[in-house]
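What follows is the residue order along each chain.
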Amino acid sequence: MRWSDGITDLMDMSLSKLQQLVMDREVQTAGYVGFSFLSTGAMAAANIIDYFTNANRELRKDAQQDYHLEYAMENSTHTVIEFARELHTCDINDKSIMENTVRVIWAYHHEDVGEAGPKYHESSRGTKSLQLLNPEKTSMLSAAVPYFDLVNQDVPIPNKGTTYWCQLFKIPRLQEKHHVIKVEPVIQKGHESLVHHMLLYQCSSKFSDSVPDNGHECYHPNMPDAFLTCETVIFPWAIGGEAFSYPPHVGLSLGTLLDPHYVLLEVHYDNPTYKEGLIDNSGLRLFYTADIRKYDAGVIEAGLWVSLFHTIPPGLPDFWSEGHCTLECLEEALEAEKPSGIYVFAVLLHAHLAGRGIRLHHFRKGEEMRLLAYDDDFDFNFQEFQYLKEKQTILPGDNLITECRYNTKNRARMTWGGLSTRNVMCLSYLLYYPRINLTRCSSIPDIMEQLQFIGVKEIYRPVMTWPFIIKSPKQYKNLSFMDAMNKFKWTKKEGLAFNKFVLSLPVNVRCSKTDNAEWSIQGMTALPPDIERPYQAEPLVYGASSTSLHGNVCLELLLSFVVLSSSLIGHN
């Protein structure tokens, strides 16, 4: 068996996740089963031999054997292998298991492993991204739990790369307060890669029943005006994500005057091959109960305001952007709504194709707290909620920074903030309780300050066109600001200097309420916090221990691998 693409050592995952991964493939095998993670090794046979790949991608047996067989079974239809490994082995050939996204790669062969080692798997292989340490919160609900669907009906997907489709829905009329306790995606079969993300917005409380029945392309000049009143995100979902269950004491409130009566479902369709004739019927399913929970859940969208003013030069292997949820916004909103603070219980990190890593930093009085969420190995095709192991309190005067790392090494022109997957986003969706009147807490660096870096001195005022036009200096005269930044000769040195410059700039603040209302700080300028970079909070690397999964999940992870089979493995 050959492990390619820089694969490294095999790691462990939860039983249910792995069973789902393999059973979905309906593979048939006898002989060895190989398993690995990007960045270090491999496995062979039921006695669990620890392999790794060297710089030449050659398979080598590891001198330090860190994997331990817990259980193995095979019948006429299935092979089951269950094994465990410490999260941090202190083995240079192993990859530490943390809360990042891990690309799990599996392979198998119809022959057992012989003296020469595993044979090449040919096409009998697969891959899936997972967050192995993400606590599984999805619980089985009784079939009697009621639900309703917010699902698009026969949406024609244009043969273009990016389409945002918006559809209004009326929430079922409830005579008393209820709580949504679980939300799951309803993705049309075969469209798993087409539906990139979905946002569910609460619409204005001033809505009448005379609203458009038909959906429309979002952000379009002819989009119905009613859609513009739907600004409050009440649930986010992104590609690769599964069903989301709220904690037992928290739910999304329905049925009161403060709750949504109409919602807008925004679906981002990603069609990079411009495929024609696609018709989609995807959306969300909401399970709800009259058994009221203690707290109402809220969502805060934090990070970088989606704007062309979010700029990244070409040719850079690493570029950092920061979106600020400023202390001024959190001070004003929390002092007015909940001085004792709010409690974050889950986070969804969101970026596009150029994204390589995201961290959500939390500061209090200049001191950095524990990371709220992070993913240093971000996968565009796998954007799952991160459940916090312990709720984290946000107090008035705290500030949050969503830090995104990008790679534009293979791009020849500027990359801009925007809706397309070729554009960039840098967002964090914080799910918290109790609900307050704060929906967005974000920022964008000042564009005129950015343009000074490339030598722009003056633009035409008043601004009559978009993108706006530059007046001086001569080399940029009558160019749009986008064309001017593309004309600038970006080198790696210039790009890194621009990155450092942008991170120090004042930011324009967005601090929004429901119904398109604003806190007073909205639109004002704030300075980034005076905190030395790089920030100090780092992901925990758990130490070695003999404690099993059943005793402490933070120390050892148990893996169960299930495949369809026709004969017993481990004959060696």
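That block above? That's the structure.
An account of the accompanying structure is given in this report. (Residues numbered from 1 in each chain as written. Predicted model: local features only at pLDDT ≥ 70, side-chain atom pairs only at ≥ 80, totals over all residues. Heavy atoms only, no water.)

Let us look at the pairing of strand β7 (residues 68-74). Relative to strand β8 (residues 78-86), β7 is paired through 6 bridges, and the arrangement is antiparallel. Bridge pairing links M73 to V80 in β8. With antiparallel pairing between neighbouring strands as the criterion, β7 and β8 make up a hairpin whose turn holds 3 residues. (Pairing = 2+ DSSP bridges. Helix = DSSP H or I, 4+ residues; strand = E, 2+ residues; numbered from the N terminus.)

Turning our attention to the sheet that holds strand β27 (residues 342-351). In spatial order, the strands read β31-β27-β34-β24-β35-β38-β39; together these 7 strands make up an open sheet with mixed pairing. Pairing within the sheet leaves two strands with one partner each, and these edge strands are β31 (386-394) and β39 (525-526). Alignment of β27 against β31, held across 5 bridges, turns out to be antiparallel. Bridging from a neighbouring strand, V344 pairs with Q392 of β31.

Turning our attention to helix α2 (residues 327-337). Among all positions of α2, only C329, L330, A333 and L334 are buried. One face of α2 carries all of its buried residues, which in axial projection span an arc of 100°. Summarising the contacts, the buried residues of α2 are in contact with β26 (319-325), β27, β31, β32 (399-406), β35 (440-445) and β38 (507-512). (Buried < 20%, exposed > 50% of the residue type's maximum accessible area, 1.4 Å probe, protein only. Arc of directions from axis to C-beta. Contact = heavy atoms within 4.5 Å.)

Applying the stated rule across the entire model yields 16 salt bridges. Across the pair D377 and K95 runs a salt bridge, and its minimum N-O distance is 3.9 Å. With D377 in the loop between β30 (373-375) and β31 and K95 in the loop between β8 and β9 (102-108), this pair connects stretches of sequence that are 282 residues apart. Classification of D377 by relative accessible area gives partly exposed; the value is 26%. Under the relative-accessibility criterion, K95 is labelled partly exposed at 23%. (Salt bridge = Lys/Arg side-chain N within 4 Å of Asp/Glu carboxyl O.)

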